[in-house]
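Structure assessment
Each chain, letter by letter, is given below.
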Amino acid sequence: MKPLFSQETPTLFALSVPGRSALALPKLDIPETPLPHSLLREELSLPELDEVSVVRHFTQLSQKNYSIDGQCYPLGSCTMKYNPKVNEEAAQLRGFTRAHPLLPLSQAQGALKLMYQVQEALKNLTGFTGFSLQPAAGAQGELAGVLMIRAYHRDRGAIQRKRILVPDSAHGTNPATCTMAGFTVETIPSDPQGAVYLEALKAACAGKNAETLAGLMITNPGTLGLFEPAIQEILRIIHDAGGLVYGDGANFNALMGIIKPADLDFDVMHLNLHKSFSTPHGGGGPGAGAVGAGPRLVEYLPGPTITRQGDTYTFITPPRSIGRMKGFYGNFSVLVRAYTYIRLLGKEGIRRVAEYAVLNANYLRSLLKETYPTPFGADRPCMHEFVASPHLGNGITTLDIAKRLIDYGFHPPTIYFPLIVKEALMVEPTETESKETLDAFAAALITIAQEAKTQPELLKTAPHTTPVGRLDEVAAARKPVLRVRGC
Ligand SMILES: *Cc1c(COP(=O)(O)O)cnc(C)c1O
């Protein structure tokens, strides 16, 4: 096995050689004056290094990070696809990076046109009537959408509509968003196939319950990676009870170019442009949770949005807008990347993304079905991801498997989510991984399953190839050590 990382990178202090420096000051051309003693510290320990050593040190440190440019990163629900480099070229064009958000409109026409075209492209892909590019992340897009639902009911005097139904497989942001917007969350269980339990949903919307129903927040495909078979019936039940439907479209990878959510009668949905439309993410970097709405909610979209009058682009705030979600106009550079990606692929290319994302997930699931079975929906195709529930014996947990995968050079999949799957291992290969990489990933997991039988200690103590081994995750969160001390 080829270790991915060198075991240890010495600290800058360990590399320090007295007298060495990466900096040469010009010859003094003024009289030399000693610094006032009060400004000087007696003991200030700083490493002394030449420039090459400093550059190598930090480059080596950066290579200890997993990245999509370095390794396969099958982190479920996160869509860690390859980010084409042409996106970065476009985002770095001076006309974009130097544009000030307070430019007069006449001087910002290029930027506005780009945003307008992103709105139009997203409308085409989803069938929605309008889009706002304001929200800076998926979770903020959710909040925008749920606030729109609240405003809609308030406008109709229906302030008693306070309940939002959320399936038990939902992403954690969904119930959090509803709570932040002042709604009460009612959990709808999943049936044994991993679909929404229809009888529970019907009961939550029946009789007097209909009067207090604000809506439903649902992810399709759900977090189990399965397409919701009764989606149209579910949406009809909610609408018949006077509720509205929020679709969590953070992961649009399985559907784009194939299904338009508005055709299914979703009222509002956010798309994570940083996931499905390829901006580097993770580590909390800038995102874009563009939010789209159908006829019932389009007037409530956060503003400003972009409109076109002849050849001129300008801002417009929808008539019943919930207002701004963010200063200025959203994370503009993410919009440039999404625009570039959409133009790069075109309509056919976007559809192929979805087809390959689904194909890759199903291929991988089939390679793993003996050792890493999928408890929900194993008898039907998955969408862009699948959730396995490994039980390898010998006390081996999913955490052990994930840690051991690091030794084989793979970023671990998402683990212990969704909560309804025991020992969940949530795998999303994305369309950008080759068959060879998928084969290698499956082979690593199968080897790990054998190791679980013969050498369980190897898994329990993994990872072995990283500079630090198994972390105490609780202590790391509660008492983080954020500084390297030289002496
Ligand atoms: C990633 C994700 C979110 C949250 O998106 P952020 O941009 O991280 O706020 C919400 N729902 C689902 C299903 C997701 O996968």
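Every value quoted in this text rests on a predicted model; they were computed, and no experiment measured them. (Residues numbered from 1 in each chain as written. Predicted model: local features only at pLDDT ≥ 70, side-chain atom pairs only at ≥ 80, totals over all residues. Heavy atoms only, no water.)

Looking at the overall build of the chain
Applied cut-off: Elements are defined by DSSP. Helices are runs of H or I of four residues or more, strands are runs of E of two residues or more, and each kind is numbered from the N terminus. Each residue's exposure class comes from its accessible area (1.4 Å probe, protein chains only) as a fraction of the maximum for that residue type: buried when under 20%, exposed when over 50%, partly exposed otherwise. A contact between two residues is defined here by any heavy atoms of the two lying within 4.5 Å. Throughout, the Shrake-Rupley method with a 1.4 Å probe supplies accessible areas, and for residues the shown protein chains are the sole cover considered. Neither His nor the chain ends is counted toward charge; the positive residues are Lys and Arg and the negative residues Asp and Glu. To locate a charge, take atom NZ for lysine, CZ for arginine, CG for aspartate or CD for glutamate.
When its secondary structure is counted, the chain shows 15 helices and twelve strands. Taken along its principal axes, the extent of the C-alpha atoms in the chain is 85 × 70 × 45 Å. Each of the 487 residues in the chain was classed as buried or not, and the buried ones make up 49%. Counting contacts in the chain only where the partners sit at least 6 residues apart, residues at least 24 apart contribute 72% of the total. Accessible surface for the chain amounts to roughly 24,000 Å². Of this, 56% is attributable to carbon and sulfur atoms. Here the chain contributes 47 positively and 45 negatively charged side chains, and the mean placements of these two sets differ by 4 Å.

Focus on the domain arrangement of the chain
Defined as follows: All the domain ranges listed were derived from an automatic or database domain assignment.
By domain assignment, the chain separates into domain 1 (12–64) and domain 2 (86–345). Taken over C-alpha atoms, the centre of domain 1 sits 50 Å from the centre of domain 2.

Quick word on the sheet that holds strand β1 (residues 130–132)
Defined as follows: Pairing between strands requires that DSSP locate at least two bridges from one strand to the other. Lines fitted to the C-alpha atoms define the axes, with helices restricted to the stretch that makes contact. Angles between their N-to-C directions range from 0 to 180 degrees.
Ordered by their spatial adjacency, seven strands build an open sheet running β1-β7-β6-β5-β4-β2-β3, and the pairing between neighbours is mixed. Two strands close off the open sheet at either side, each with one partner strand: β1 and β3 (184–188). Taking the axes of each pair of neighbouring strands and ignoring which way they run, one obtains an average angle of 25° across the sheet. As judged from the three bridges shared by strand β2 (residues 163–167) and strand β4 (residues 213–218), these two strands associate in the parallel manner. When the sheet's bridge partners are listed, Leu-165 is paired in β4 with Leu-216. Against the sheet, helix α5 (residues 109–126) engages β1, β6 (268–272) and β7 (289–293), with an angle of about 130° to β1. Where helix α7 (residues 173–180) meets the sheet, its contacts fall on β2, β3, β4 and β5 (244–249), and the angle it forms with β2 comes to roughly 175°.

Brief notes about the site of the ligand
The criterion, for reference: Proximity is defined per residue: any heavy atom of the residue falling within 4 Å of a molecule or strand makes that residue near it. The term polar contact refers here to a pair of N or O atoms within 3.5 Å; inside protein, the definition further demands a hydrogen-donor-capable atom paired with an acceptor-capable atom, and it admits residues adjacent in sequence only when both atoms are side-chain atoms. Following the grouping adopted for this structure description, the nonpolar residues are Ala, Val, Leu, Ile, Met, Phe, Trp, Tyr, Cys and Pro, the charged ones are Asp, Glu, Lys and Arg, and the polar ones are all others, Gly among them.
By nearness alone, 13 residues border the ligand, and Ser-77, Gly-138, Ala-139, Asp-248 and Lys-275 come closest of all. Ala-139 places a polar main-chain atom, nitrogen or oxygen, 2.8 Å from an oxygen atom of the ligand. The separation between a nitrogen atom of the ligand and a polar side-chain atom of Asp-248 is 2.6 Å. For the ligand, the accessible surface in isolation is 380 Å², of which the surrounding protein chains cover 85%. Listed by contribution, the elements that provide at least two residues to the shell around the ligand are α6 (138–155) and α10 (273–276). If one sorts the elements of the shell around the ligand by residue count, α6 sits on top with three residues. Residue composition of the shell around the ligand, grouped by class: three nonpolar, seven polar and three charged.

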